[in-house]
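Commentary on secondary and tertiary structure
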Amino acid sequence: MADTDAALKTPTDLKSNDAKSVADALNGILADSYALYLKTKNFHWHVSGPHFRDYHLLLDDQAAQILATTDAIAERVRKTGNTTLRSIGDIARRQTIKDNDAAFVRAEDMLVELRDDNLKLVELLREAKDIVDEAKDNATSGILDEWTDQAEERAWFLFETSRKG
């Protein structure tokens with residue numbers, strides 16, 4: 001470990017390898033949360049069509065919820081004695097949720113893409129849950145349940161909103 005990392009090493013009772021596994025899982029979730037946040041805001045800014053107001057407000061609410069988790073995720077990493085993301089480049093290297101840089105995306109396609117991305121995040125959260133439970137990191141385990149529920153709710157709202165009536 002570099003001297004600078006040692007200066008930030010928060011004491012923890014988690015075994016070193018367990019704490020590193022927890023941090024790796026959480027940093028991946030953090031990177032994907034930022035990617036999902038920015039994509040959701042992108043779609044919020046660029047949504048168009050007959051349901052503009054409803055979709056615009058829904059996506060803004062969802063983006064705010066996603067952003068609200070990022071500080072808690074990063075702080076869990078620090079509490080386990082590790083360091084977290086430091087830059088946009090760091091996020092880009094770790095993210096698994098794909099960016100969407102298209103000049104135009106139909107509103108219906110936005111909702112489907114974000115639904116699928118939120119379900120991908122649920123999958124990652126469940127994988128992290130197994131890792132933190134193995135490490136006996138009860139605090140992170142409990143918070144992961146909350147974040148999973150939030151992502152499932154976002155996916156549900158996106159699914160219901162995109163249904164043809």
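Provided above is the structure to which this section pertains.
Here we summarise the structure given alongside this text. No experiment lies behind these values; they were computed from the predicted model shown. (Residues numbered from 1 in each chain as written. Predicted model: local features only at pLDDT ≥ 70, side-chain atom pairs only at ≥ 80, totals over all residues. Heavy atoms only, no water.)

Gaps between atoms show up when a probe of the same size as a water molecule is rolled over them. Counted as a void, the second largest pocket has a volume near 250 Å³. Tyr34, Ala35, Leu38, Lys39, Asn42, Ile88, Ile91, Ala92, Gln95, Asp99, Asn100 and Asp101 together form the lining of the second largest pocket. Every element with two or more residues in the lining of the second largest pocket is listed here: α2 (16-46) and α4 (88-94). If you tally residues by element for the lining of the second largest pocket, the top one is α2, at five residues. (1 Å grid on protein atoms, 1.4 Å probe; cavity = no way out; pocket = protein on both sides within 12 Å on 5 of 7 lines; lining within 4 Å. Points joined across faces, edges and corners; volume = space filled by probe spheres on them. Helix = DSSP H or I, 4+ residues; strand = E, 2+ residues; numbered from the N terminus.)

Summed over all chains, the structure comprises 13 salt bridges. A salt bridge links Asp109 to Arg106; its shortest N-O distance comes to 3.8 Å. Using a relative accessible area of 38% as the deciding quantity, one classes Asp109 as partly exposed. Across the pair Asp116 and Arg115 runs a salt bridge, and its minimum N-O distance is 2.9 Å. The partly exposed category is assigned to Asp116, whose relative accessible area is 38%. Each of Lys39, Glu113 and Asp117 takes part in a single network of salt bridges with overlapping partners. (Salt bridge = Lys/Arg side-chain N within 4 Å of Asp/Glu carboxyl O. Buried < 20%, exposed > 50% of the residue type's maximum accessible area, 1.4 Å probe, protein only.)

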